[in-house]
Amino acid sequence: MTEKSTSTLDSTWSGLVPVDDTALAVTDTGGPGVALVYLNGQFATQGYWRRVIAELGTGWRHITYDERARGRKSGRSADYSFEAAVRDVDAVLAARGVERTVVVGWSYGAFVAAHWASRNPDRTVGAVLIEGAQPYDWLDESMERQIRKLFTRMSWFMPLLRPTGLMPRMDAEQMANSNIELGKLARERELGPVMDSITVPTRYVVASGRSLGSGRSDEGLERIRASLDQVVERNPNIKISAKVASTHDTILRRDFRAVADAVREVSTSRSRT
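Residues numbered from 1 in each chain as written. Predicted model: local features only at pLDDT ≥ 70, side-chain atom pairs only at ≥ 80, totals over all residues. Heavy atoms only, no water.

> Is there a simple way to explain the packing of helix α2 (residues 82-95) against helix α3 (residues 108-119) in this structure?
When two helices pack together, their arrangement is given by the angle between the helix axes and by the axis-to-axis distance. α3 packs onto α2 with a crossing angle of 65° between their chain directions and a minimal axis gap of 10 Å. Looking at the two axes, α2 sits roughly perpendicular to α3. The way α2 lies across α3 gives a crossing that is right-handed. Together, F82, E83, A85, V86, V89, D90 and L93 of α2 and Y108, F111, V112, H115, W116 and R119 of α3 make up the contact between the two elements. (Axes fitted to C-alpha atoms, helices over the stretch in contact; angles between N-to-C directions. Helix = DSSP H or I, 4+ residues; strand = E, 2+ residues; numbered from the N terminus. Parallel < 35°, antiparallel > 145°, perpendicular 65-115°, else oblique. Left-handed = near helix turned anticlockwise from the far one by under 90°. Contact = heavy atoms within 4.5 Å.)

Below is the structure:
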């Protein structure tokens, strides 16, 4: 069963979609346009996409959701793994009756989008990867210790922010483990083959500045972003749509037009093939 509420003003649907041992808060604008499913940053919420959605307008079907324990309504789970995040895309699309979609992912969500697109080419119109899914070996033992230390330090104020939806209802260890797992998945030997296997139009939107609290220098972030040169060289389906002036953290707020342009680009590219 899907718990639901429907706006009386338009066709927008919102409700909870059950998956595994939890349920996800989902919003679906409905309509006949090309479906876009938006995949959030690691601990972000669906509200981050509002400027992109407004820029694209009503000609598209916009589907957003909060991942497990994120936002105010999505439930806790025993499984916060990356594979669970990929499964959740399937659950949301199945619940909303969507057969084919553009996957639009930012940061962590870009990794989810890349994996989902590589596994589901017949269901993917295209993929837009924003500041994520860049094959690079940035995780080592020192970085892993730094990540665990960071989330431990954050644990004292996490309970204060959880009621607002600004902090996931995960403990410090769970959040650190999620971040470390992502670092392992980002390694060239892990992510490289995923990117090489993508057969649908795919566009990157890349920032220029650093990530808040990333622990990586500007030079280190640029090395990560430079790894995309090899990705696009090996796979003709993948291109860099734009490199913008924003930072990793502000790109959806300041360069939403570049993201919207990339969405239009992959949708047009697919229609021509």
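That was the structure; now back to the text.
> Looking at this structure, how should I read the pairing of strand β4 (residues 35-39)?
Across a regular strand the side chains alternate sides, sitting on one face of the sheet and then on the other. Counting buried residues in β4 gives 5 out of 5 residues, a clear majority hidden from the surface. On β4, burial covers both faces: A35, V37 and L39 on one face and L36 and Y38 on the other are all buried. Pairing between β4 and strand β5 (residues 61-65): 4 bridges, direction parallel. By the bridge assignment for β5, Y38 is matched with T64. In this fold, β4 hands off to helix α1 (residues 50-56), which returns the chain to β5; that crossover is right-handed. Where β4 lies against strand β6 (residues 101-106), 4 bridges are found, and the strand directions are parallel. The residue bridging Y38 from the neighbouring strand is V104, located in β6. (Buried < 20%, exposed > 50% of the residue type's maximum accessible area, 1.4 Å probe, protein only. Pairing = 2+ DSSP bridges. Right-handed = clockwise from strand over helix to strand, strands pointing away.)

> I tried to follow the pairing of strand β2 (residues 13-19) on my own but got confused; where do I start?
Examined bridge by bridge, β2 and strand β3 (residues 22-28) share 7 bridges and lie antiparallel to one another. In the sheet register, V17 faces β3, and the bridge partner there is L24. Remark: 2 residues form the turn of the hairpin made by β2 and β3, two consecutive strands paired antiparallel; D20 in that turn has positive phi of roughly 50°.

> Got a minute to help me understand the pattern of salt bridges in this structure?
One side chain can pair with another of opposite charge once the charged atoms of both are near each other. In this structure the tally under the stated criterion is 17 salt bridges. Its salt-bridge partner being D21, residue R68 comes within 4.0 Å of it at the nearest N-O pair. Separated by 47 residues along the polypeptide, R68 in the loop between β5 and α2 and D21 in the loop between β2 and β3 bring together distant segments of the chain. D28 is paired through a salt bridge with R61; the nearest N and O atoms lie 2.6 Å apart. Residue D28 is located in strand β3, and its partner R61 is located in strand β5; the two are separated by 33 residues in the primary sequence. Assigned by exposure class, D28 and R61 land together as buried. When salt bridges that share partners are traced, they join D20, D21, R68, D79, R87 and D88 into one network. (Salt bridge = Lys/Arg side-chain N within 4 Å of Asp/Glu carboxyl O.)

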